[in-house]
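Residue-level listing of the chains:
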Amino acid sequence: MPSTEIDSFQSLVDTNLQLAEDALLLLSWAKKTGLIQKARSGMVAYGSPDFRAYTGLYALADMLFLQAEPGDSKAFDLYDALAEALPEKAVRVPDQFLVHYKAWREHEEYVTWRAQVTPDLGAHRRVSEFVKSCA
């Protein structure tokens, strides 16, 4: 059965939601393990497992920001969570992302605890496997 354009779009939306939850969970892991603090103090050595995890987080975020649609609340929460975790590091996003982000934030306030709640156990497994692969 051939997929329709709507099916493809829904698949992209679902994938982006999953990836955003993974990225938020990876950011939470980075905070808990001290990786964010190391990054803020410049103590993440190039090529180290910490470096791979840190750059993986930003690569994932960049991809999400490039594909964000007007209702991608988790991508917008990730943007705010990264800015909160590393306020001195400017997060570059496409202009279209900022348009969607600003429109979303006009009616939805960013709440830190909501961005860190990930009920998907699969996300925990994927993040754990990613972190192990960085070692």
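Definitions and cut-offs
- Residues numbered from 1 in each chain as written.
- Predicted model: local features only at pLDDT ≥ 70, side-chain atom pairs only at ≥ 80, totals over all residues.
- Heavy atoms only, no water.
- Phe/Tyr/Trp six-rings, centres within 6.5 Å; stacked < 30°, edge-to-face > 60°.
- Helix = DSSP H or I, 4+ residues; strand = E, 2+ residues; numbered from the N terminus.
- Buried < 20%, exposed > 50% of the residue type's maximum accessible area, 1.4 Å probe, protein only.

**Q** What is the right way to read the packing of aromatic side chains from this model?
**A** The geometry of an aromatic ring pair comes down to the distance between the two centres and the angle between the two planes. Applying the stated criterion across every chain yields a total of 10 aromatic pairs. Both rings, one in Phe-65 and one in Tyr-79, keep their centres 5.8 Å apart while their planes meet at 85°; by these two values the pair is edge-to-face. With a gap of 14 residues between them, Phe-65 in helix H3 (residues 49-67) and Tyr-79 in helix H4 (residues 73-85) connect regions that are remote in the sequence. The exposure class of Phe-65 is buried, given its relative accessible area of 2%. Residue classification places Tyr-79 among the buried residues on the basis of a relative accessible area of 17%. Plain terms: the ring middles of Phe-65 and Phe-97 are 4.8 Å apart, the flat faces sit at 50° to each other, and that makes the pair tilted. Taken as a pair, Phe-65 in helix H3 and Phe-97 in helix H5 (residues 95-105) lie far apart in primary sequence, 32 residues in all. Across the pair, Phe-97 and Phe-65 agree in class, each one buried.

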